[in-house]
Amino acid sequence: MSRGARTGLFAVSAAGLTALLLWAVAGLPDFGHYRGPYGKVLNSVAVGERHTTNVVAAVVFDYRGVDTMGEEFILFGSVMGVALLLRHSRRERRRLPERVQSDAVRLAGIGFVASLLVLGLYVVAHGYLTPGGGFQGGVILASAFVLVYLAGDYHSYRALTPTPAVDFVEGAGAGGYVVVGIVSLLLGSAFLHNFGPLGTTRTLASGGSIPFLNVASALEVSAAFVLLFSEFLDELVVRPKARSE
């Protein structure tokens, strides 16, 4: 195929995809006019049935908890695949010079790291009461460790994120989600069926088994992103000899 024909085919494909996207957006309901009947049903029953004021968390960790487990293991498998591939490609390694940050940047970075850690823990802990949850809070917690490298140096980051510990936390988060489901089976219910006292609405002691699944997701997500960043960072800072010479 000639270059002109390829260009024409690309233009036609791009125009078709653009038209399809515009058609899809045009078919969306107006703001505030939700058409999903299941969402309206959940809004009316979730708080009373699960004592969680965040209906999204009730859906994610209860009504469709098995789907969430699948999403969690997709992330787990993807990160493990990246880690295995990159670790296998790094044989003989050579350390590259590190960046040197000013004292002002380091001091500001430490303040932001502490703030992000507190924010991440808050988002995780209140995920079933206010907007947030294990996935969102896990990403915030991981970003706090990334900021250690950006404001500090590679050595400080790796000292805070040893690979064996990060691997263990990620596995514990993914496995903990399954353990909660097994406990519900041992109690005579369906897999991942909500168990335990539902507690008082609008308090941390509510939601039954939802808080356990929420924390398990936070552990898996935060460790997965930290591990992923560590592997790519090792590729950048610690390069194979053949590549750097």
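Cut-offs used in this document
Residue numbers here run from 1 along each chain, matching the order of that chain's written sequence. The predicted nature of this model means local features are confined to residues of pLDDT at least 70 and side-chain atom pairs, given and counted, to a pLDDT of 80 or more, with totals for whole chains, interfaces and linings taken over all residues. Values reported for side chains reflect all heavy atoms of the structure, with hydrogen atoms and water molecules removed beforehand. Comment: elements are numbered from the N terminus, with helices defined as DSSP H or I runs of at least four residues and strands as E runs of at least two. C-alpha atoms define the radius of gyration in this analysis, and the globule rule sets the expected value at 2.2 Å times the number of residues to the power 0.38. The classification of residues rests on relative accessible area computed with a 1.4 Å probe and restricted to protein chains. Under 20% of the type maximum is buried, over 50% is exposed, and intermediate values are partly exposed. Whether two residues are in contact is decided by their heavy atoms, any of which lying within 4.5 Å being enough. Working definition of accessibility: Shrake-Rupley area with a 1.4 Å probe, residue cover restricted to the visible protein chains. The convention is simple: Lys and Arg are positive, Asp and Glu are negative, and His and the chain ends are not counted. Each charge is placed at NZ for Lys, CZ for Arg, CG for Asp and CD for Glu. Patch membership is restricted to residues that have no salt bridge and whose relative accessible area is over 30%. Joining uses 9 Å for like charges and 5 Å for the nonpolar side chains Val, Leu, Ile, Met, Phe, Trp and Tyr. Between Lys or Arg on one side and Asp or Glu on the other, a salt bridge is scored when a side-chain nitrogen of the former is within 4 Å of a carboxyl oxygen of the latter. For the purposes of this section, nonpolar cores are sets of buried Ala, Val, Leu, Ile, Met, Phe, Trp, Tyr and Cys residues that join through side-chain atoms within 4.5 Å. When the centres of two rings from Phe, Tyr and Trp lie within 6.5 Å, Trp using its six-membered ring, the rings pair. Their planes under 30 degrees apart give stacked, over 60 give edge-to-face, and anything left gives tilted.

So, on to the overall build of the protein. When its secondary structure is counted, the protein shows ten helices and two strands. Here the C-alpha atoms of the protein give a radius of gyration of 23 Å, more than 25% beyond the 18 Å that 2.2 N^0.38 yields for 245 residues. Relative to its full complement of 245 residues, the protein shows a buried share of 36%. Sequence separation of 24 or more characterises 72% of the internal contacts of the protein that already satisfy a separation of 6 or more. If you sum the accessible surface of the protein, you get close to 14300 Å²; carbon and sulfur atoms cover 71% of it. Here the protein holds 19 positive side-chain charges and 17 negative ones, and the gap between their average locations is 7 Å.

Among the surface-exposed residues, Phe168, Val169, Val215 and Leu219 lie close enough to one another that they form a single nonpolar patch of about 350 Å² accessible area. Contributing elements (two or more residues each) for the nonpolar patch: α8 (163–186) and α9 (210–237). Position of Val215 among the secondary structure elements: in helix α9. Judged by its relative accessible area of 42%, Val215 is partly exposed.

Bringing the environment of Asn214 into the picture now. Secondary-structure assignment places Asn214 in helix α9. The buried category is assigned to Asn214, whose relative accessible area is 1%. Separated by 89 residues in the primary sequence, Asn214 and Ala125 place their C-alpha atoms 8.2 Å from one another. Those residues in contact with Asn214 that lie beyond four places of it in its chain are Phe61, Val124, Tyr128, Gly133 and Gly134.

According to the stated counting rule, one finds four salt bridges in the structure shown. Of the charged contacts in the structure, one is a salt bridge between Glu71 and Arg64, with a shortest N-O distance of 2.8 Å. On the basis of relative accessible area, Glu71 is assigned to the partly exposed category, the value being 38%. You can call Arg64 partly exposed: its relative accessible area is 27%. In this structure, Arg106 engages Asp153 in a salt bridge whose closest nitrogen and oxygen atoms are separated by 3.6 Å. With Arg106 in helix α5 (residues 103–125) and Asp153 in the loop between α6 (134–151) and α7 (154–160), the pair connects residues that are 47 residues apart, well separated along the chain. Owing to a relative accessible area of 14%, Asp153 belongs among the buried residues under this scheme.

Core analysis: the biggest nonpolar cluster contains 18 residues, and Val55, Phe61, Tyr128, Tyr177, Ile210 and Leu213 have the highest contact counts within it. Counting only elements with at least two residues in this core, the list comes to α2 (37–50), α3 (55–63), α8 and α9. With six residues, the top contributor of residues to this core is α3. For Phe61, the residues in contact, after removing those within four places along its chain, are Thr68, Gly134, Phe135, Tyr177, Ile210, Leu213, Asn214 and Ser217. With 16 residues, the next largest nonpolar core counts Ala142, Ala223, Val226 and Val237 among its residues.

With that settled, the discussion passes to the packing of aromatic side chains. Tallying each qualifying case throughout the model produces three aromatic pairs. A centroid spacing of 6.1 Å and a plane angle of 65 degrees characterise the contact between Phe73 and Phe76, whose relative ring orientation is edge-to-face. Taken together, the residues Phe73 and Phe76, both in helix α4 (residues 65–89) and three residues apart, mark about one turn of the helix. Members of the aromatic cluster, joined through ring pairs, are Tyr149, Tyr157 and Phe229.

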